[in-house]
Amino acid sequence: MLKAFVNCRIFDSEDTAFAIDGDRIVKTGSDEDIRAFAEEDVITDLQGMFVVPGFIDTHLHMLGLGYTLTNADLTGCRSAADVIRVLQAHCKNLNEGDWLIGRGYNEDHFDDGSVLTKELLDRYFPDRPAALKRVCGHVMTVNSRTLELAGICADTECDGGRILFDSGRVEENGIAVIQEVQPRPDADAIRAYLHKAMDFCNTKGITCAASDDFISITSDQPLVLDTFEKMSFRSDMTVRINEQCEFTDIDQFAAFLDDGYTMDVGNDLFRIGPLKLITDGSLGARTAAMSRPYHDMPSEQGYMCMDEDEIRMYTKLANKFNMGTICHAIGDEAVDKVLAVFKDEVLEGNPLHHGLVHCQIMRPSQIAQVLKQHLSCYIQTLFIDYDSSILKDRAGSLLARSSYPFRTLYEGTLTSNGSDAPVETPDPIRGIQLAVTRKSLDGKSQMEPSECLSVDQAIRSYTVKGAEQLFMDDRLGYIREGCYADFAVIDRDIRECEPEDISKASVVCTYMNGEKVFEK
Ligand SMILES: [Zn+2]
């Protein structure tokens, strides 16, 4: 059915009106053009509001987001006692013996210097297993019941991870050991989590996401894949998904390839994207692999979750199947290892969009190689809010200056934005403000200002650059005839507000595939 919208400002366009039919944009032009084209009763007057192509978040964990929204949300906690209070309230919804799952605590936000430990959890929750992920998802705190179920004792060791029995702190690959004994979600639960997360994304104007889900809450990768495929065949999705494929080991990846899957298999609702590797940890938890010890904790240097040979082995296998490889690499040591592999394995011009996810701690020589090889960069400007307050402490002033080099990357290679949700709330408008100001939302800390994006660049990092990253810019990322009718209407033109006020703007409605999927 034809629908038309007039009297609006359209990003990167002189037009003020457009019409959609079915899942596509069929005409753009002046208000007069569109009024002549469509009957009065299908026309909506947008009263001067700002229309952007549906936002594309090019790195998040949709399933993990739904799971987090369903379990105890610890993001607002300001002390360990606060965490206990939230968990106690959450327990009221649980049955006896149910796992107590939470996510989002950040000890850097604990005003009283308290720490979350096994002992504390044991005191309040002695009978049920508890597993709480730090905000970054790279560290977990668990209680004794959980350690017991996972068969962990004081001398248990873990490749590419750490399990500290006394404190209950579990890092990196240790998390999979815990996850293995947690109850496995079935297809209905996975579908419910995805709907919850997609609905949330729609409220923020997101209509497409590159998402890493295969092993984020279960190791049953085939079940997650199957659930997504069925949902896409039934058009039971309100966010297009490009899957960033992560696997528990190379055999699982080989079985996936054997089944005929590789990058670009699928449809425009669910498509297989690149191989995703997690090579190190997070800056906040000091597990990101650094070339020198942490400035604020010289006993720690972070560590690799997989070594260079393993990165190379995966990348070579993916290359054989024309599949790009993207690597989570946050510390500069991890970036070194990934770049050493990419130096040999990436073809000229980087046709498969091999890339780096996060692009945080980087030295100038590394940035130069990224630009030279035209590597894809998946940045998260939303991280600036928290990371601007810890960057100099963690990395030291010199390294801090060349880190998070977002403008250099944006102007020099293919760079798109994302949230890494549930690490951050998937909120592009807030991400645009942070890209433009590089200041924390409270205004107290700032990163190197020469790397600020312009507002237009920041909007493109969430729209057309995302579409290019996913090889979909012939049908996504523009308000243009022939493109999918994916767009968001914003209550004000964020190109005209003060940079510090951009995040006050809000999404009024969101359309995906020509359907209204959110209305305020
Ligand atoms: Zn991630």
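Quick look at the structure, then. Bear in mind that the values here come from a model prediction, so they are computed numbers and not experimental data.

## Thoughts on the nonpolar core
Counting 117 residues, the largest nonpolar core has Met62, Phe253, Phe256, Met323 and Ile432 as the members making the most contacts within it. Setting aside residues up to four positions removed in sequence, Ile432 forms contacts with Phe55, Val455, Ala458, Ile459, Tyr462, Ile494 and Ile502. Cys91, Leu94, Leu120 and Leu132 belong to the second-largest nonpolar core, a separate cluster that totals 21 residues.

## Focus: the packing of aromatic side chains
Summed over the entire model, instances satisfying the criterion amount to 17 aromatic pairs. With a centroid separation of 5.4 Å and 80° between ring planes, the pair formed by Phe5 and Tyr511 is classed as edge-to-face. With Phe5 in strand β1 (residues 2-6) and Tyr511 in strand β22 (residues 507-512), this pair connects stretches of sequence that are 506 residues apart. Looking at Phe5, the relative accessible area reads 3%, which means it is buried. For Tyr511, a relative accessible area of 7% gives the class buried. Through pairs of rings, three or more aromatic residues link up here, namely Phe214, Phe247, Phe253, Phe256, Tyr261 and Tyr314. Over the face of the ring belonging to Phe37 we find Lys27, whose NZ or CZ atom lies 5.7 Å from the ring centre. Lying across the ring of Phe165, Lys118 places its NZ or CZ 4.1 Å from the centre.

## Structural notes on helix α13 (residues 384-395)
Among all positions in α13, only Ile384, Tyr386, Asp387, Ser388, Ile390, Leu391, Arg394 and Ala395 are buried. Buried residues in α13 make contact with β10 (130-134), α14 (397-402), α15 (406-412) and α16 (428-437). One or two positions beyond α13, positive phi appears at Gly396, with a value near 85°.

## Let's talk about the state of the cysteines
Under the criterion given, the structure shown has zero disulfides. Cys153 forms no disulfide, and the closest cysteine sulfur to it belongs to Cys158, at a distance of 13 Å.

Scoring rules and cut-offs
Residues numbered from 1 in each chain as written. Predicted model: local features only at pLDDT ≥ 70, side-chain atom pairs only at ≥ 80, totals over all residues. Heavy atoms only, no water. Core = buried A, V, L, I, M, F, W, Y, C linked by side-chain atoms within 4.5 Å. Buried < 20%, exposed > 50% of the residue type's maximum accessible area, 1.4 Å probe, protein only. Contact = heavy atoms within 4.5 Å. Phe/Tyr/Trp six-rings, centres within 6.5 Å; stacked < 30°, edge-to-face > 60°. Helix = DSSP H or I, 4+ residues; strand = E, 2+ residues; numbered from the N terminus. Lys NZ or Arg CZ within 6 Å of the ring centre and 35° of its normal. Disulfide = S-S within 2.5 Å.

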